[in-house]
Amino acid sequence: MSVLDDIVAGVRVDLERRQRDTGLADLRAALADVDAPLDPMPALRRPGSSVIAEVKRRSPSKGDLAPITDPAALAVEYAAGGAAAISVLTEERRFGGSLADLRAVRAAVDLPLLRKDFVVTDYQLVEARAAGADLVLLIVAALPGDLLERLHDTARELGLSVLVEVHDEPETARAVALGAELVGVNARNLKTLAVDDDTFARLAPLIPDDRVKVAESGVTGPGDVKRFVAEGARAVLVGEALVRDGDPRRAVDEMTGIEA
């Protein structure tokens, strides 16, 4: 079993528990009380680099990163630094996140929010929107057959923007054929957790220039951002470097607006 398979298996167990506690009909009813989703694309298409700043406590590859007792306060710092959007990890077992984190951040900032998780069912999409998410992550490697297309269509019907994540050439071809407007290239192979620093440079040319290309993993500072921008990135998704920095507001600011 790969690392990704193991993570998804745990996600499904936790999902079953949440589904027992809150039925899909109740979740859909809650959508009536949620503000309309924010559109992240204008900010992500603006000149210079944009930062999707992540609330991330730990990861399978690095272990504990930061305690983050107040995700809302961290999000406020990200916003003050000029983040284009904020990513909130909601996976519980490997990343220490929760939907409560997403709700707390939603109450604190008016930026577009990405629910970053391992989405494998329609329920999670409705759950994301009900908690205030404006975007969701769909990982191509975790969604075989027509599941990727079905979840992408459902997300769009809910008004959610979609970040479609790829790791290799076949996955990139699927994302492009899907018509994904926002394509994230993750340098970390989720099946092995190995990182290939050349992944973005290799895959970016396969993505049409009218799509927004997002570099994921391996962003440690402005130098990395400049390299990714030169390779075609319009945005970077940064977690570890920001949560470990003593001044996340400054760190986001220094990564924003960089041009090739």
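Report on the accompanying structure. (Residues numbered from 1 in each chain as written. Predicted model: local features only at pLDDT ≥ 70, side-chain atom pairs only at ≥ 80, totals over all residues. Heavy atoms only, no water.)

Here's the deal with helix α12 (residues 248–255)
And then number 1: Buried within α12 are the following residues: P248, A251, V252 and M255. For α12, the arc enclosing every buried residue in end-on projection is 95 degrees, short of the 170-degree limit, so these residues lie on one face.
And then number 2: For α12, the secondary structure elements touched by its buried residues are β1 (50–55), α4 (71–80), α10 (222–230), β10 (235–238) and α11 (240–243).
And then number 3: Of the residues trailing α12, G257 is marked for its positive phi of about 80 degrees. (Buried < 20%, exposed > 50% of the residue type's maximum accessible area, 1.4 Å probe, protein only. Helix = DSSP H or I, 4+ residues; strand = E, 2+ residues; numbered from the N terminus. Arc of directions from axis to C-beta. Contact = heavy atoms within 4.5 Å.)

Overview of the side chain of S161
And then number 1: Relative to the assigned elements, S161 resides in strand β7 (residues 161–166).
And then number 2: With near-sequence residues (within four places) excluded, S161 lies in contact with D39, P40, D134, L135, V136 and R156.

Focus on the pattern of salt bridges
And then number 1: Overall, the coordinates contain 25 salt bridges when judged by the stated rule.
And then number 2: D134 is the partner of R106 in a salt bridge, and the nearest nitrogen-oxygen pair spans 2.7 Å. Linking R106 in helix α5 (residues 99–108) with D134 in the loop between α6 (122–130) and β6 (135–139), this pair joins segments that are 28 residues apart in sequence.
And then number 3: One salt-bridge network, in which partners are shared between bridges, spans D14, R17, R18, E92, R93, R115, D117 and E127. (Salt bridge = Lys/Arg side-chain N within 4 Å of Asp/Glu carboxyl O.)

Description of helix α7 (residues 147–157)
And then number 1: Inspection of α7 places L147, L148, L151, H152, T154 and A155 among the buried residues, and these make up the whole buried set. Projected down its long axis, α7 shows its buried positions confined to an angular sector of 165 degrees, all on one face.
And then number 2: Looking at the buried residues of α7, the elements they touch are α6, β6, β7 and α8 (169–178).
And then number 3: Among the residues trailing α7, G159 stands out with phi positive, at a value near 90 degrees.

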